[in-house]
Amino acid sequence: MAYEQDNCHLCKEYLRDPVSIPCGHIFCSICLKTYWDHADHTGTYLCPQCRVTYNKRPTPRRIGSSRNSTLTRNSDAFPPPPPSPDYNIAGPQDVGCDICVGKKNKAIKTCLMCLASYCERHLKPHYESATFKRHKLVDEIGHLDRQICPQHQKGLELFCRTDQMCICVLCTVKEHKGHDMVSAEQERADEQQRLGATQAEIQERIHDRVKQMEELKQAVETLKNSAQRAMQECEKMFADMIRSIERMQQEMAKMISTNKRAALNNAEGHMERLTHEIADLKRRDNEITQLSRTEDHIHFIQSYHMLIAQTEAEELPTVTVNPYFTFGPVTKAVSEMKQHMNEFSNDELVKVAKTVNKMTFCQLEDSKRKRALKADDAPMYRSVHIQEPQHRDDFLKYACQLTLDPNTAYRQLHLSRSNRKAALKRDPQSYSDSAARFDSLPQVLCIEALSGGAYYWEVDWSGEGAAMGVTYRGIKRTGYGDSCRIGYNRKSWSLFCSDSSYSARHNKDQIEVNAPYSSRIGVFLDHAGGTLSFYSLGETMSLIHRFKASFSEAVYPGFWVWYESSITLIQL
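Caption draft 1: Focus on the overall build of the protein. Helix and strand counts for the protein stand at eight helices and 26 strands. For the protein, the proportion of its 572 residues judged to be buried stands at 30%. For the protein, restricting intrachain contacts to residue pairs at least 6 apart in sequence, the fraction spanning at least 24 positions comes to 57%. Summed over its atoms, the accessible surface of the protein is roughly 37,600 Å², and 53% of this surface lies on carbon and sulfur atoms.

What follows is the structure, encoded as structure tokens:
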């Protein structure tokens, strides 16, 4: 495979004797040593590439031989390839000729009388000389010591059915005297018949497994078609519900507009009437003013009685205004409707999820079922979107129990029996082969897939460096490149912790964070709200960094662990 980093960041040349540091970056051993030697007097060591700070000088770790060989092959200075090998020379897996001196040729036959294996050249005497005519030649076999009786140093020719072992002729005299014995050929013939029956049984099992495979393939196609139809029908029904809500919105807007228009028309009519009445009253007030100034007594008396009689006879209606009139009740009613709909939809989603999760698509029928479960069958936590809490007791309401997945763990990551702790050591573990395993980076994911709600977990870490975060399932598992590292690509987010600093990472973005050191980190994921927050835990909780993201699928908590470091999932 082609690695994504072939050049040293410092010398810009092909990597020579490459080493890695806690933040995951790789440099030539001599380049990094020279770079940090100049920083010895300061007591502070920076990563030349990402500028992560270390208070003490980390110990670089050499990259595995597979990477060295790949990088060396890419170098122009590598010597030309050796000449084509001699395919007659016996390799590690071949049976060598017992007569050849020095480099041994491949043996093509073994003599059961000589108890030796011969190449084509040294086998000729067995074909050409009469001395060897009674010797028995078979296809080459290794471990000829198994063909010799360890007690009498004679060839094994017989089979003792009493003791179920191969014996020589001398064994019949004393050790196996009186036992049920047959020739090796006879025992082979009998066992051959039983072997044939066993092979027939295996072939029948193959037939059954092939039939089950075909049934499973057909069921998978049916499942895909059913899921596609369900998605289309659900999309249609949700579209209908959205249109219904839009019609309700339109009706509500129409009702508000109608009531507003009616109230405004009523108010405008009252204001017009009040305007006329005010103008009439002002006219009368002006007439009274003019009358009070006249010197004609008769005109005053006549006009006065007429104005007074007209004023007393007219009663003007009073306009009252409701100062508390608002459309608040409408907003409140819609808010209550929204809350009821959210509660109803969440309850219905839980019912649907329970119903679907109870349905079994396919399963094993024996005790191996539990061991055969993969990360694909992992439980998926689900919840509803909430506002981020402020205190630890509030965070604990969203606590989820996580388990490290051994099928994803790097072979030198040692997991505890409960699969809650991971430590990077020099000796590899005997994990089974798995396509989900990180083959080159010290990383491990959790079994649980988190989607659709809010979750909280806490991690203890110790050592020179560790990183924690979340990733989509599709993160690459092979190689050293950024596409495999949690936090270095679009599929993952992480917080790197060292003894003196933090570094938040996503894709090509890296943010150095100055925050108090803490050996315990709290992680809060609001999948629906699109936030991932990291807190240092001590006497109080202190926010280290918060990512804003639109999670398009379920995410898996994941960890990167450096040498002599470890992470532990806290059971809340």
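What follows picks up the thread again.
Caption draft 2: How the structure looks around the layout of surface pockets. In this structure, the second largest pocket spans a volume of roughly 710 Å³. Together, 22 residues line the second largest pocket, and Leu112, Gln147, Leu156, Glu157 and Ala184 are the ones closest to its centre. Per-element tally for the lining of the second largest pocket: the top contributor is helix H4 (residues 184–293), with four residues. In terms of residue class, the lining of the second largest pocket is made up of 12 nonpolar, three polar and seven charged.

Caption draft 3: Summary view of the sheet that holds strand S7 (residues 116–118). The three strands lie next to each other as S7-S6-S8, forming an open sheet whose pairing is antiparallel. Two strands close off the open sheet at either side, each with one partner strand: S7 and strand S8 (137–139). Here the average twist between neighbouring strands, direction ignored, is 35°.

Caption draft 4: Focus on the pattern of salt bridges. Going through the model one piece at a time under the given rule, you end up with 20 salt bridges. Between Glu221 and Lys224 there is a salt bridge, with the nearest N and O atoms lying 4.0 Å from each other. Of this pair, Glu221 and Lys224 both sit in helix H4, separated by three residues, roughly a single helical turn. Looking at Glu221, the relative accessible area reads 43%, which means it is partly exposed. For Arg284, the salt bridge is made with Asp280, and the minimal N-O distance between the two is 3.2 Å. Of this pair, Arg284 and Asp280 both sit in helix H4, four residues apart, roughly one helical turn. Judged by its relative accessible area of 22%, Asp280 falls in the partly exposed class. Via salt bridges that share partners, Arg161, Glu187, Asp190, Glu191 and Arg194 belong to a single interconnected network.

Caption draft 5: Structural context of unusual backbone geometry. Positive phi, normally seen in glycine, also occurs at Asn419, with a value near 55°. Positioned with a positive phi, Asn507 is a non-glycine residue whose angle comes to about 55°. Structurally, Asn507 can be placed in the loop between strand S20 (502–506) and strand S21 (509–513). Since its relative accessible area comes to 24%, Asn507 is described here as partly exposed.

Caption draft 6: Spotlight on empty space enclosed by the protein. According to the stated counting rule, one finds two cavities of 30 Å³ or more in the structure shown. Here the largest cavity is characterised by a volume of approximately 70 Å³. Lining the largest cavity are Cys23, Gly24, Gln443, Ala467, Arg485, Ile486, Tyr488, Ser494, Phe496, Arg505 and Trp560. In the lining of the largest cavity, the residues fall into six nonpolar, three polar and two charged. Its volume calculated, the second largest cavity comes out at about 60 Å³. As for the second largest cavity, its lining consists of Pro22, Tyr54, Lys56, Pro58, Gly463, Glu464 and Asp499.

Cut-off values and rules
- Residues numbered from 1 in each chain as written.
- Predicted model: local features only at pLDDT ≥ 70, side-chain atom pairs only at ≥ 80, totals over all residues.
- Heavy atoms only, no water.
- Helix = DSSP H or I, 4+ residues; strand = E, 2+ residues; numbered from the N terminus.
- Buried < 20%, exposed > 50% of the residue type's maximum accessible area, 1.4 Å probe, protein only.
- Contact = heavy atoms within 4.5 Å.
- Areas by Shrake-Rupley, 256 points an atom, 1.4 Å probe, with all protein chains shown as cover.
- 1 Å grid on protein atoms, 1.4 Å probe; cavity = no way out; pocket = protein on both sides within 12 Å on 5 of 7 lines; lining within 4 Å.
- Points joined across faces, edges and corners; volume = space filled by probe spheres on them.
- Nonpolar A, V, L, I, M, F, W, Y, C, P; charged D, E, K, R; others polar.
- Pairing = 2+ DSSP bridges.
- Axes fitted to C-alpha atoms, helices over the stretch in contact; angles between N-to-C directions.
- Salt bridge = Lys/Arg side-chain N within 4 Å of Asp/Glu carboxyl O.

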